[in-house]
Structure formats: C-alpha cells, structure tokens
Amino acid sequence: MPAIVLVGAQWGDEGKGKATDALGARVDYVVKFNGGNNAGHTVVVGDEKYALHLLPSGILTPGVTPVIGNGVVVDPGVLFEEIDALTARGVDCSKLLVSASAHVIAPYNRALDQVTERFLGKRKIGTTGRGIGPTYADKINRVGVRVQDLFDESILRQKVEGALDQKNHLLVKVYNRRAVSVDQTTEVLLSYAERLRPMVRDVSLELARALDRDEIVLFEGGQATMLDIDHGTYPFVTSSNATSAGACTGSGIPPNRIDRIIAVVKAYTTRVGEGPFPTELLDADGEKLRRDGGEFGTTTGRPRRTGWYDALIARYSARINGVTDFVLTKLDTLTGWERIPVCVAYDVDGVRHEEIPMSQSDFHHATPVYEYFDGWSEDISSARSTADLPKNAQRYVEALEELSGARISAVGVGPDREQTVVRHDLLG
Ligand code: GDP
Ligand code: IMO
Ligand code: MG
C-alpha cells in the first residue's frame, strides 16, 4: 500500500495535520502537494503543541522525509522562519526537500492579495492574505517565478521584470500604490537561493524511486474539497486543487500509483472566510460549537464559522476524491448535546436535493433538511476502541458512515496523537 493521499473533506481545518502526524511513524515520505502558508495545522504531541503552515505535518516524525511538491507555492522567508522555529524546539528539519518546479510567492504577490481583497470590499473572498491567489494566477498566466529560477540571476531578473511590467501599472494606476522595484525584488529573491539550494530536488523522480523501493509515501493536501478551485464553492475557494487528483499534478506522480485515499472530515462543519455554508449556525448553538471545539484559525486567528455535519458534502467529497477511508475528527467536541442534527438533504425553493446542486446559486439558497441523533454526555477523550464509546456515540458514527459514502476508519476523540479510536487499519 505504498502511495496514500490524505485530503480535507469540508472547508479545511478538519484535523489533517493530526491525522498525518498520527500516521507519521509508519510512512517514509510526507508530501505537501498544493497550497502554501495559507494552511494551518495544529499538531499536539504530549505537552507540546506545534502550528505548521508551509511544512508538511510529517516533519514532526523523526525518520520521515518531508517534501514540498511542485504544486505548492513557497514563500521562502516563511519557510526559513518555520524551519528556524521548529529547529529551536528540537525538531530535525534537515531532511526537507523542495521541488525545483514549485512556484515562489514574491513579495508583490503578497501585497496584491491584500490590496485586491480591500478593493473587493463586500465581495471579498476573505483570503489569508499570504499571496496565494496572485502567485497561482502568475503560474497559470506563465509569468511566475519558480524555485529553480532563484539560481539563475539573469533569468530571475527577466521574470521579475516581466511580472512587474503589468503589475506596477495595476498597483499605481488602479490601486494607488507605489511601484515595486525590479532590483529590490530580485535582490530579495536572490537572497534566499543559497539556503534553499541543498533542499532543492527533482521531486517527481525522487518519489517515483521511493515508490519503486516500496517505501510508503503520504500525500498531504492543504485546504479541502469545498475550497478546491475546480470542485469547491467557486469563487469562495483557494487557488489550487486541494482534492486527491491534485496529489498527482502537484507532485509528478501518476494516478495509477495511488493506492488509498483518505479524507478527513469533522463530526460537524466549520469554514473560515466568506462563501455559502448551508448548515451554518448563527445562534448560541454555533457559538457553543466554536467554544467547545476551539474553532479559531491556526493561520489568521479568525473565528471559524460553525454548523452541523453535512452528509451531502461528505458524499460529494467521497465521490470527487475517490475516498477509500474517512477519518472522522472531533467527535469529543459533540459530547454534551442532547440531540445532534445531521443534514441529510437540502431544500432549494421547495425542491429536495440529495446531492450538491449543480449551480452555485442553488447552493447559496439551500436550507438543510435535518435528521436528529441522540447525544451522549460521557467523556470520550480516553476511548481507543469502538467499544469504549457510549452507544449513542457509536450510533452517530455508524449513521455518518452510512450517509457519507465510505467507511470511517478512525475517529478522533481529542487533539493528541494518541486520542484516536481505530476501526480499520488505515495503512493495512
Ligand atoms: P488542519 O488544517 O486540517 O490540519 O486542521 P487544524 O489544525 O487547522 O484544525 C484542527 C484542530 O482540531 C487543531 O487544533 C487540532 O489540534 C484539533 N483536533 C484534531 N483532531 C481532533 C479531535 O479529534 N478532537 C479534538 N478535540 N481536537 C482535534
Ligand atoms: P488548512 O490546510 C481553512 C480559505 C480562506 C479563504 C479562502 C481563500 O488549514 O485546512 P487563500 O488565502 O487560500 O487564497 O484564501 O480559503 N482557506 C482556508 N480555510 N483552512 C485552510 O487551510 C485554508 N486555506 C485557505 O479562509 O476563505
Ligand atoms: Mg488548518
């Protein structure tokens, strides 16, 4: 079972970092294949809590080779800061590999992300402001700067010049900002080259060889299915393919090498930023979920919007990603509710939908149809097997499994690595 993809099933922050970390001891490579430092993964190991952004969550496991694939957008300054902070805490980051073809987040793209959001006003996306969208736009527009360009000063200068040609017009004439200097930008980017050089690899080749040696490679998605640029709630999405197919384009590994696809899904739903969210709770119940679940962004600290579990989204994720196994997280957060609603269909202007509506306008107007499940009040944080869970918690998990289109192989009952109920072996 050598190549495994792990993605988020909802709008992010499902607990992918914890799930990756928990598998860490059994895998050889953890590859980040999309997104950048818009991601925020909190991983708890004993008394230590780590917040990871750009580095793959496998970095915390000695023995794992962490890899940043070509599909990632890399802010080298952030990368070095994150490496330094982890190294200072005793984490070995020396094995990190970075694809020569990954795109670099240039300072002007960070500025543009923030300025466009401000310009959009009420129509803003609520981005993380890290320059993610503009950097992917440059990539598609064929004016991006890649990691390998940092090692060729004249090419780099040409590329920066090309990119700034248009952007400076935009910054000055539309956004009323100062023009960005080609020299200064080139210098900043060049200053990263020396430290980056020993990490840079042909990642596709490295991973193909690892798989040929029967080593285990885990592809870790940032963001999630509903934030995917193609399959998410466009335009309220991130700018990359966060779904399982992105693991191939974002790393250079072909689809027929992938053996297993794990989606991480929260026992309720959260979302950061703008966009539709049918099961959102804007009342005291939503506030309670946010409080009990500690639902505040790892990257921007923004309060996460909260709502009940949406089985249509889980089923959609199962289909789009080809999910073989779900990891259900944060079941412990639901402890104490008398009854727990689960969305089993949408009502759109009087019509019942059992699949995500084809058009975004319908999705915006969807009201959830709920089924109700009895809750439990016992503390479940030390449960390690299904039998340790109260009967109603077991029933809730079984009901979600039936509604969601793939088996639930693990259930999270707390933030720590160890706090997991295993139902089926994820790697077996
Ligand atoms: P990611 O972006 O998908 O990696 O998720 P985040 O790290 O942004 O958010 C998930 C949060 O839930 C983190 O604070 C985790 O420590 C925490 N977490 C993960 N799994 C569980 C769980 O099963 N129970 C509880 N209580 N917390 C969890
Ligand atoms: P992890 O990996 C939750 C959201 C932002 C915004 C939209 C676009 O921790 O699950 P961007 O900066 O990517 O252009 O913002 O996507 N977003 C996330 N929401 N978790 C994330 O990552 C996210 N990464 C981006 O809030 O709505
Ligand atoms: Mg997160």
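Model, not experiment: these values are computed from the prediction. (Residues numbered from 1 in each chain as written. Chains lettered and ligands numbered in written order. Predicted model: local features only at pLDDT ≥ 70, side-chain atom pairs only at ≥ 80, totals over all residues. Heavy atoms only, no water.)

Peer 1: I tried to follow the overall build of the protein chain on my own but got confused; where do I start?
Peer 2: Within the protein chain, the secondary structure is distributed over 13 helices and 20 strands. For 428 residues, the compact-globule estimate of 2.2 N^0.38 gives 22 Å, and the C-alpha radius of gyration of the protein chain, at 22 Å, lies within 12% of that figure. Overall, the C-alpha framework of the protein chain stretches about 65 × 50 × 40 Å when taken along its three principal axes. Looking at the protein chain as a whole, 56% of its 428 residues are labelled buried. Counting only contacts in the protein chain whose residues sit at least 6 apart along the sequence, the fraction spanning at least 24 positions is 76%. (Helix = DSSP H or I, 4+ residues; strand = E, 2+ residues; numbered from the N terminus. Rg over C-alpha atoms; globule rule 2.2 N^0.38 Å. Buried < 20%, exposed > 50% of the residue type's maximum accessible area, 1.4 Å probe, protein only. Contact = heavy atoms within 4.5 Å.)

Peer 1: Got a minute to help me understand the domain arrangement of the protein chain in this structure?
Peer 2: Looking at the protein chain, the domain boundaries give domain 1 (3–99 + 200–262), domain 2 (103–194) and domain 3 (264–422). Here domain 1 and domain 3 have C-alpha centroids that lie 23 Å from each other. Each side of the interface is counted separately: domain 1 has 40 residues, and domain 3 has 42 residues. A buried area of about 3100 Å², summed over both sides, lies between domain 1 and domain 3, and 54% of it is on carbon and sulfur atoms. Area buried by domain 1 at its contact with domain 3 is led by Gln10, Trp11 and Lys18, which between them contribute 23% of it. Remark: the boundary between domain 1 and domain 3 carries three salt bridges. Close ionic contact of arginine 260 with aspartate 325 constitutes a salt bridge, the shortest N to O distance being 3.6 Å. (Domains from an automatic or database assignment. Buried area = accessible area lost by both parts, 1.4 Å probe. Salt bridge = Lys/Arg side-chain N within 4 Å of Asp/Glu carboxyl O.)

Peer 1: Could you clarify how one ought to interpret the pairing of strand S16 (residues 339–348) in this entry?
Peer 2: When a strand is regular, its side chains alternate between the sheet's two faces. Judged by how many residues are buried, S16 sits mostly within the fold: eight of ten residues are covered. Two elements, strand S14 (residues 309–310) and S16, share two bridges in a ladder whose sense is parallel. By the bridge assignment, tyrosine 309 is partnered in S16 with valine 342. Note that S16 and strand S18 (residues 367–374) share eight bridges and pair antiparallel. (Pairing = 2+ DSSP bridges.)

Peer 1: Help me understand the packing of aromatic side chains, please; the structure alone is not making it clear to me.
Peer 2: The relative placement of two aromatic rings is captured by the distance of their centres and the angle of their planes. Taken as a whole and judged by the stated rule, the model has eight aromatic pairs. Arranged with centres 5.9 Å apart and planes meeting at 65°, the rings of phenylalanine 80 and tyrosine 192 form a pair that is edge-to-face. Linking phenylalanine 80 in helix H2 (residues 76–88) with tyrosine 192 in the loop between helix H6 (182–190) and helix H7 (193–196), this pair joins segments that are 112 residues apart in sequence. Assessed through its relative accessible area of 9%, phenylalanine 80 is described here as buried. Classification of tyrosine 192 by relative accessible area gives buried; the value is 16%. Ring geometry for tryptophan 376 versus tyrosine 396: centroids 6.1 Å apart, planes at 55°, classification tilted. Within this pair, whereas tryptophan 376 is found in the loop between S18 and helix H13 (391–404), its partner tyrosine 396 is found in helix H13, the two being separated by 20 residues in sequence. These aromatic residues form a ring-pair network of at least three members: Phe373, Trp376 and Tyr396. (Phe/Tyr/Trp six-rings, centres within 6.5 Å; stacked < 30°, edge-to-face > 60°.)

Peer 1: Hey, could you run me through the coordination of the magnesium ion (ligand 3) in this one?
Peer 2: Ideal geometry at a metal gives 109.5 degrees between four tetrahedral donors and either 90 or 180 degrees between six octahedral ones. Coordination sphere of the magnesium ion (ligand 3), protein contribution only: Asp13 (OD) and Gly40 (O), at 2.0 Å. Remark: glycine 40 occurs in the loop between strand S2 (29–32) and strand S3 (41–45) and aspartate 13 occurs in the loop between strand S1 (3–8) and helix H1 (16–23); sequence separation between them is 27 residues. Residue aspartate 13 is classed as partly exposed on the basis of its relative accessible area of 22%. (Donors = N, O, S within 2.8 Å, 3.2 Å for Na, K, Ca; no water.)

Peer 1: Is there a simple way to explain the nonpolar core in this structure?
Peer 2: With 56 residues, the main nonpolar core has Phe219, Phe326, Leu328, Leu331, Leu334 and Tyr396 as its most contacted residues. Broken down by element, this core gets its largest block of residues, six residues, from H13. Two domains each put at least three residues into this core: domain 1 (3–99 + 200–262) and domain 3 (264–422). Ignoring anything within four residues of it in the chain, the contact list for leucine 331 reads Ala267, Trp376, Ile380, Leu389, Ala393, Tyr396, Val397, Val411 and Gly412. If you look at the next biggest cluster of nonpolar residues, it comprises 37 residues, including Ile68, Phe80, Val145 and Ala163. (Core = buried A, V, L, I, M, F, W, Y, C linked by side-chain atoms within 4.5 Å.)

Peer 1: Please clarify how the site of ligand 1 should be interpreted in this entry.
Peer 2: The local shell around ligand 1 holds 18 residues, among which Lys16, Gly40, His41, Thr42 and Asp332 are the closest. Note that an oxygen atom of ligand 1 is positioned 2.9 Å from one of the side-chain N or O atoms of aspartate 13. In the complex, the protein chains occlude 92% of the 590 Å² of accessible area that ligand 1 would expose alone. Elements with a contribution of two residues or more to the shell around ligand 1: H1 and S3. The element best represented in the shell around ligand 1 is H1, accounting for three residues. Across the shell around ligand 1, the residue classes break down as two nonpolar, nine polar and seven charged. Structurally, the shell around ligand 1 is a two-domain feature, drawing no fewer than three residues from each of domain 1 (3–99 + 200–262) and domain 3 (264–422). (Near = heavy atom within 4 Å. Polar contact = N/O pair within 3.5 Å; in protein donor to acceptor, adjacent residues only side chain to side chain. Areas by Shrake-Rupley, 256 points an atom, 1.4 Å probe, with all protein chains shown as cover. Nonpolar A, V, L, I, M, F, W, Y, C, P; charged D, E, K, R; others polar.)

Peer 1: Just checking my understanding: could you explain the sheet that holds strand S7 (residues 97–99) for this structure?
Peer 2: Adjacent strands of a sheet pair through backbone hydrogen bonds, lying either parallel or antiparallel. On the basis of which strands lie adjacent, the open sheet formed by ten strands has the order S9-S7-S5-S2-S10-S1-S11-S15-S19-S20 and mixed pairing. With partners counted over all chains shown, the strands left at the sheet margins are strand S9 (200–201) and strand S20 (420–422), one partner each. Both S1 and strand S11 (residues 260–266) contribute to a ladder of five bridges, which runs parallel. Bridge pairing links leucine 6 to isoleucine 262 in S11.

Peer 1: Explain the side chain of lysine 18 here, please?
Peer 2: Among the structural elements, lysine 18 can be located in helix H1. Although lysine 18 is buried, it forms no salt bridge, and the closest oppositely charged side chain is aspartate 332 at an N-O distance of 7.0 Å. Once residues lying within four places of it in the same chain are set aside, the contact partners of lysine 18 are Thr42, Val43, Gly412, Val413, Gly414, Pro415, Asp416, Arg417, Gln419 and Thr420. (Lys, Arg positive; Asp, Glu negative; His and termini not counted.)

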